[in-house]
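Letter by letter, the chains look like this.
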Amino acid sequence: MNTGIAIAHAGQGGGAPHLLDEHLRAVAALAASHLNHDPLARELARLAGLWHDLGKYRTGFQRYIRMVAEAHIEGRLPQGSDKSHSAAGALWAAQTLKERLGPQGLVLARVLQYVIAGHHAGLDNWEGGLKGRLAGFDAARELAEARQGGPAPELLAPAVLNLPDLKQLPLGRNGIEEIPGRFALWLRMLFSALVDADFLDTEAFMSPGAAQARQADALPMSCLRGVFDDYMARKAEAVQAAGQTDTPVNRRRAEVLAACRAKATGAPGTYTLTVPTGGGKTLASMAFALTHAERHGKRRVVMVIPYTSIIEQTAAVYREVFAPLGDDVVIEHHSNAESDERDENARSRLACENWDAPVIVTTSVQLFESLFARRTSRCRKLHNLANSVLVLDEAQLLPVEYLQPVVDVLRLLVRDHGVTVVLCTATQPTLTSQPLFGGKGLRGYGPGEVTAIIDDEAGLYAALQRVRVHLPADLKTPQPWSVTTEALMPHEAVLAIVSRRADARELYEGLKRELPTGARGLWHLSALMCPQHRSEVIADIKAALVARREALARGDEAEPVRVVSTQLVEAGVDLDFPVVFRALAGLDSVAQAAGRCNREGRLAMGEVHVFVPPKAPPPGLMRQAAQTCARVWDGCGDRDPLALERIAAYFRHLYADAELDRKGICEALRLQIDRQEQALAVRFRDASDAFRLIDDKDAATVIVRYHSARCREDVNVLLRMLERDGPARWLMRKLQRYGVTIYQHDLKKLVAGGDVRELPQVPGLYVQTESDVFYDPVVGAQVGGAPGDPASYMA
DNA sequence: AATAAAAAAAAA
């Protein structure tokens, strides 16, 4: 029995409490408004909002919430309090809808049950999860208690049950080819609408400052497009003033831009933008997105980019473009984003929570892990994806082992949620349906489902061709390092990219031996060097390339620039060498490597040499990619190994051979209709747990003691702060600059050898001990045998 | 018996 009116949240500092009736009404209205484009989902969201916190009317919960408010006085949480409150609403939904709509009502209630029961703990499996949990409650008692708490009658029984026909429920085929995760995505959107509304209404009560900061005048897309066009016009004028309009590259860039604007008026759907490196993709894709959004009433543009290093460059470009409209137009959402540490209510920080901004720039990990997530915090942004333009940059990096669920979800966003998808890359993956015997192969895009933005891709590639690729006569027989070293030596400006960190080390040492003692102009790059170290070396290399070019232009003697690297330079690092060597790898990797060659088009043709290193790439996808590439090149003769049709063939073969849903995500998300229980069974928890784009179960991070004149901060000082004050977020982010990822088996040896120890303050995080043998100032962390140890050269 | 690089990390 309650004394007084039920509350949703206690008042702050003696202020008035948040009334539960009001919270439910507000969440219902807000959740419904999030799904205006989907009438059935909108009305279910309204009901979910009204009922999600019914359990809070129970006496036990009201006692709990009031005692928590006083807990800081008592210094402990009260005994016998009951804070679980998400079941009552789910039980109420089933009872009420069944009473009012019959069996159809129960089916609709099943949808609400996932959403309401999960609004705190996250979406769960039906079998072995939600089903059992709901059955474990005494429904009659639970609901009686909630009614006693005095909810306003219209909350329990809304006068208008404006529910469209059950046929609207996306259960199965519904006239289009079946995609198993269709219902799951639709339901997740509903979940997103509810939890975001719940978060927002609670925030409005708890921290009005934050709610205030969220309010921003919605900028119409026409306004963004206008500012963008002005920027592009100024840029074109500058090119003209410099008298460079008629260079082949600038002419082609202008054509790409024009094609993007022209095709943007086409119907919403899936588009590909296939443009070689240097074709002006970053701005052209934005031109497409804005023009399309304005034309078709899309609400926002979401740019998805695989690596944070590329994001920072891209976001900086967009920031400059939209600067006349203020700082809040472009929101960068990723782990490295510089959010203002002091301002809890910074709009940029708040917008990251639910992607409520006109232009979002984010990582593919953020996007895809959110699309398969079960947690409230991760899902709340999803409803804001509906009716947006989603641009996926570097589309060739879509994760092969999750390709099937990823392609499914992209197609569903387009079909059911008003999204237009643009796949951008220089090496377009073949995502059309390739069903093979035995059910293998990709269930992908059908004929006519995808529109190419560039009409004459082959012509564009021919016009922008800047390299000649040389294949070895024999792609099957590995060559010893001495052969590669010998081929590299005559080149004074050369980049060699290998597939293994140990290879980078070995080739570097080999070149060093060939060169005179103390010779300058040789660098090593791999992820065994910490990010700070890598940044400094890359900066040095860029400076050396500039110095060399200037010296040659003057006719002076120039320092050589030789770099041995792993594939870390292939994405987002804009080095430019006249000659590039690449160890046999996936065709897309080789194409990326070729993108580092004659990048600025200073030479008539750059030279790219593919070689077969002594050791095959590690087993798994990398090896499969290299083998597939060799197969596609077999009999290639003197035709271009990177021609468009070869890229298409490569992806066709790769996807035909690879496991495209290694974790069984599609099956977990497939709707199983249990007619007896009238249940809609989906395994949300399993899918979410299995969807991990970055697998780090065998990896550990070691903070190394890297020092240089250019380090802004001293690792030792940071580590002392960590040991004294524990892992603050800002501190961990700074330390990330000095982290190296190594494998567990190496870690064990290093710990045993006393080179590395675990930090008691952060279990699972390791630091280099004061001994400095572990980290070499040139090649970084020493793992897998000492340098020059003959054992590391053996099979 | 070996393994590139990549990202993220708090809820109402």
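A quick note: this is a predicted structure, and the numbers were derived from the prediction, not measured. Here the residue numbers are simple positions, counted from 1 along each chain's written sequence. Labels follow written order: the first chain is A, the first ligand is 1, and so on. Since the coordinates come from a predicted model, pLDDT governs what is reported: local features require at least 70, and pairs of side-chain atoms require 80 or more to be given and counted, while whole-chain, interface and lining totals use all residues. Processing note: side-chain calculations cover all non-hydrogen atoms of the structure and skip hydrogens and water entirely.

Chemist: Explanation requested: the protein's contact with DNA strand B in the structure shown.
Modeler: Here a residue is near a molecule or strand as soon as one of its heavy atoms is found within 4 Å of it. The environment of DNA strand B is made up of 32 residues, and the closest members are F199, T308, R500, T566 and H745. Restricting attention to atoms of DNA strand B within 4 Å of the protein, one finds that 59% of them are sugar or phosphate atoms. In this structure, T363 approaches DNA strand B through a side-chain N or O atom, which is 2.9 Å from a phosphate oxygen. At 2.8 Å from a base nitrogen of DNA strand B is found a side-chain nitrogen or oxygen belonging to Q567. The set of elements that each furnish at least two residues to the surface near DNA strand B consists of α9 (182-206), α16 (364-371) and α29 (729-736). Whenever a nitrogen or oxygen atom comes within 3.5 Å of another N or O atom, the pair is scored as a polar contact, on the condition that within protein one atom can donate a hydrogen and the other can accept it, and that pairs from neighbouring residues in sequence are kept only if both atoms are in side chains. Comment: elements are numbered from the N terminus, with helices defined as DSSP H or I runs of at least four residues and strands as E runs of at least two.

Chemist: Hey, could you run me through the domain arrangement of chain A in this one?
Modeler: Accessible area lost when the parts come together is the quantity often used to give the size of an interface. The domain limits used here are those given by an automatic or database domain assignment. By domain assignment, chain A separates into domain 1 (7-207 + 666-690), domain 2 (221-334 + 364-462), domain 3 (466-639) and domain 4 (696-792). On a C-alpha basis, the centroid separation for the pair domain 1 and domain 3 is 56 Å.

Chemist: Explanation requested: the packing of aromatic side chains in the structure shown.
Modeler: Working definition: an aromatic ring pair is given by the centre-to-centre distance plus the angle between the planes. Stacked, edge-to-face and tilted labels apply to pairs of Phe, Tyr and Trp rings (six-membered ring for Trp) whose centres lie within 6.5 Å, assigned for plane angles under 30 degrees, over 60, and everything in between, in that order. Summed over all chains, the structure comprises eleven aromatic pairs. Between Y114 and W126, the aromatic rings sit 6.1 Å apart at their centres with planes inclined by 55°, giving tilted as the arrangement. Taken together, the residues Y114 in helix α5 (residues 103-117) and W126 in helix α6 (residues 126-135) connect sequence positions twelve residues apart. Comparing Y114 with W126, the two get one shared label, buried. Judged by centre distance (4.3 Å) and plane angle (15°), the rings of F372 and F691 are stacked. Of the two residues, F372 is situated in the loop between α16 and α17 (376-379) and F691 in the loop between α27 (684-690) and β18 (699-703); the sequence distance between them amounts to 319 residues. Categorising residues by exposure relies on relative accessible area from a 1.4 Å probe, with only protein chains included: less than 20% of the type maximum marks a residue as buried, more than 50% marks it as exposed, and the intermediate range marks it as partly exposed.

Chemist: Hey, could you run me through the sheet that holds strand β21 (residues 765-768) in this one?
Modeler: Hydrogen bonding along the main chain pairs the strands of a sheet, whether they run parallel or antiparallel. Strand pairing is assigned whenever DSSP detects at least two bridges linking the two strands. Spatially, four strands are ordered β19-β18-β21-β20 in an open sheet, and the strand pairing comes out mixed. Looking at the sheet topology across the chains shown, the edges are occupied by β19 (739-743) and β20 (756-758). Here the strands of the sheet are splayed against their neighbours by 35° on average, with no regard to which way each runs. Relative to β19, β18 runs antiparallel, the two being bridged by five bridges. Each bridged residue has a counterpart across the sheet, and for A700 the counterpart in β19 is I742. For every element, the axis is a line fit to its C-alpha atoms; helices are fit only across the contacting stretch, and the angle between N-to-C directions ranges from 0 to 180 degrees.

Chemist: Help me understand the pattern of salt bridges in this model?
Modeler: When the charged atoms of two side chains lie near each other, side chains of opposite charge can form a pair. Should a side-chain nitrogen of Lys or Arg be within 4 Å of a carboxyl oxygen of Asp or Glu, the pair is scored as a salt bridge. Evaluation of the coordinates by the stated rule reveals 47 salt bridges. Across the salt bridge formed by R225 and D229, the nearest N and O atoms sit 2.7 Å from each other. Residue R225 and its partner D229 are located together in helix α11 (residues 221-241), separated by four residues, close to a single helical turn. R319 is paired through a salt bridge with E332; the nearest N and O atoms lie 3.0 Å apart. Of this pair, R319 sits in helix α14 (residues 308-322) while E332 sits in strand β5 (residues 330-333); the two residues are 13 residues apart in sequence, bridging distant segments of the chain. Taken together, the shared-partner salt bridges in this structure form one network comprising D196, E203, R214, E353 and R380.

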